[in-house]
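Coordinate analysis (summary)
Spelled out, the chains give:
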Amino acid sequence: MVADARGPHHHHWLREANPMFGYRVPAPNEALLISGRKQRGADALPFKIVTGHGTFVVPVFSKATRLTLAMQEAEVEEDCYTQQGLTLHVQAVIAFKVGDDHESIAAAARRFQGDQTQMPVLVGRIFSGHLRSIIGSMTVEAIIREQQTLADAIVDASKTEMARIGLDIDSLQISSIHDKGVGYIKALAAPHQARVNQEANVAQAIADQASAMAQQESRRNQAEYARQTAIAQARYQAEIDQAQQTAAQAGPLAAAQAQQHVLVEQALVAQKHAELRQVQLIAEVIRPAQAEAERIVTLARADADATKLSAEAAAAQGRIALDQMMIEQLPDLLRAAAEGLQGANLTVLDGAEGLNSVVASLAAQGTALLEAVRKGMTPAPAGESATSTAIVRRDAA
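Rules and cut-offs
- Residues numbered from 1 in each chain as written.
- Predicted model: local features only at pLDDT ≥ 70, side-chain atom pairs only at ≥ 80, totals over all residues.
- Heavy atoms only, no water.
- Helix = DSSP H or I, 4+ residues; strand = E, 2+ residues; numbered from the N terminus.
- Polar contact = N/O pair within 3.5 Å; in protein donor to acceptor, adjacent residues only side chain to side chain.
- Contact = heavy atoms within 4.5 Å.
- Axes fitted to C-alpha atoms, helices over the stretch in contact; angles between N-to-C directions.
- Parallel < 35°, antiparallel > 145°, perpendicular 65-115°, else oblique.
- Left-handed = near helix turned anticlockwise from the far one by under 90°.
- Nonpolar A, V, L, I, M, F, W, Y, C, P; charged D, E, K, R; others polar.
- Pairing = 2+ DSSP bridges.
- Salt bridge = Lys/Arg side-chain N within 4 Å of Asp/Glu carboxyl O.
- Buried < 20%, exposed > 50% of the residue type's maximum accessible area, 1.4 Å probe, protein only.
- Patch = residues over 30% accessible without salt bridge, like charges linked within 9 Å, V, L, I, M, F, W, Y side chains within 5 Å.
- Areas by Shrake-Rupley, 256 points an atom, 1.4 Å probe, with all protein chains shown as cover.
- Lys, Arg positive; Asp, Glu negative; His and termini not counted.
- Charge placed at Lys NZ, Arg CZ, Asp CG, Glu CD.
- Core = buried A, V, L, I, M, F, W, Y, C linked by side-chain atoms within 4.5 Å.

1. Here's the deal with the side chain of Glu78
- With respect to the helices and strands, Glu78 occurs in strand E6 (residues 72-81).
- Of note is the side chain of Glu78, whose polar atom sits 2.6 Å from the side chain of Arg132.
- Apart from the residues within four sequence positions on either side, Glu78 is in contact with Leu88, His89, Val90, Ser128, Leu131 and Arg132.

2. Quick notes on the packing of helix H3 (residues 118-135) against helix H5 (residues 147-164)
- Direction vectors running N to C along H3 and H5 enclose 130 degrees, while the axes themselves pass 9 Å from each other. On the basis of the axis angle, H3 is oblique to H5. Once H3 is placed against H5, the crossing between them reads as right-handed. Between H3 and H5, the contacting residues are Val123, Ile126, Phe127, His130, Leu131, Ile134 and Ile135 on the first element and Leu150, Ala153, Ile154, Val155, Ala157, Ser158, Glu161 and Met162 on the second.
- Across the contact of H3 with H5, the residue classes break down as 12 nonpolar, two polar and one charged.

3. Focus on the sheet that holds strand E8 (residues 167-178)
- Overall, antiparallel pairing links the three strands, which are arranged E6-E7-E8 in an open sheet. Each edge of the sheet is formed by a strand with only one pairing partner; in this case those strands are E6 and E8. Looking at each pair of strands side by side, their axes are set apart by 20 degrees on average, direction ignored.
- Pairing of E6 with strand E7 (residues 87-98), which is carried by 10 bridges, proceeds in the antiparallel orientation. Bridge pairing links Ala74 to Ile94 in E7.

4. A few points about the pattern of salt bridges
- In this structure the tally under the stated criterion is eight salt bridges.
- Of the charged contacts, one joins Glu30 and Arg66 as a salt bridge, the two residues approaching to 3.3 Å between their closest N and O atoms. With Glu30 in strand E2 (residues 30-35) and Arg66 in strand E5 (residues 63-68), the pair connects residues that are 36 residues apart, well separated along the chain.

5. What about the pairing of E7?
- Counting buried positions along E7 gives nine out of 12 residues, so the element sits mostly inside the fold.
- Hairpin connection of E6 to E7: five residues between the antiparallel strands, including Gly85 at a positive phi of 85 degrees.
- One ladder, built from 10 bridges, connects E7 with E8; its direction is antiparallel. Looking at E8, one finds that His89 is bridged to His178.

6. A look at a negative patch on the surface
- A cluster of acidic residues, Asp101, Glu103, Asp168 and Asp170, forms a negative patch at the surface.
- You can see Asp170 is positioned in strand E8.
- Judged by its relative accessible area of 55%, Asp170 falls in the exposed class.

7. With respect to unusual backbone geometry
- A positive phi angle, near 60 degrees, is found at Lys180, a position not held by glycine.
- Tracing the backbone shows Lys180 in the loop between E8 and helix H6 (184-317).
- Exposure remark for Lys180: the relative accessible area of 48% places this residue in the partly exposed category.

8. So, the nonpolar core
- If you look at the biggest cluster of nonpolar residues, it comprises 42 residues, and the most contacted ones within it are Phe127, Met162, Leu167 and Leu172.
- Breaking this core down by element, the ones donating at least two residues are E2, E6, E7, helix H2 (102-112), H3, helix H4 (140-145), H5 and E8.
- In terms of residue count, H3 provides more of this core than any other element does, seven residues in total.
- Not counting the four nearest positions on each side in its chain, Leu172 is found in contact with Ala92, Val93, Ile94, Phe127, Ala151, Ile154 and Val155.

So yeah, pure geometry; function would need other evidence.
Structure representation (structure tokens):
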């Protein structure tokens, strides 16, 4: 066989557009049957079978027909009686085709070359018989439970008969089985359906429980997360509030600390001023007063010594002369005291009144001195002489 490189379209053109050339090419799912010429041999067929390649058909002397090798379907719909006497309505679909070998093609050509549409009809009849026969030997329970076993049994039972007419069975599928409203199949399915429903309910309950647990767990996790978030937010807010309070108090605290430092410095300054004032008072008041007191004491001692001398002189010269002399010396004593005060650094605290007091004091001292001298010069008993002398010395001191 030589392949034609010009392709199937060219073959179709030769077959249809130019049949006068006598060259025929079958399709891939066809067999070409050429009749009209006598075939040789005792077993020779009345036609020549050509598949897979083209051939010349001599016009007038030969005739070419085609036999389909494509897959075909046959439907079976039959009322069958079971072993229990129940009627089942069964529907099935059979897929079949003409065999690829020449024997199968020849067997199918002998029966269907004139009318190939009879193939599905004959196949349906063949399978209907086998279907009724096999279902009649089975119970409804077995038929329902073992549908694939039923289909395989029907195919096995029909293979020999189908082979005699040149057909191969590809498959058989039972599309439906019902009891025509009796309810037997439904009753059989009820326990199974109940079990299925129960299992479905249990599965649904388990799923619902798992879903509820998952939801509760999710809510707990969400609540815990919310709690942790609230705690964290409260902690952060407390830190923020504390920082804000610290920041708000920082200004007054700094001002208070600064004021405290100012007060401390002011206290130190005041203390320094007090110390300085104390030193100034010591220098301005106490020291001059002490110096003046020492000067007055010294002056008083001098006066006492002078008075003692005057008293001795008065005792020698007489009372009258001594008094006259003392009176004459009294202004000098007062003047000397005044001149001493004039040179001293004396602070008078009471103004004019204080100054008058000082002058009066000096005058009183002068008078006292005069009186003391007078008494000292007055003759007295021996026992009084020592007492008067002691009084003058104590006053001088």
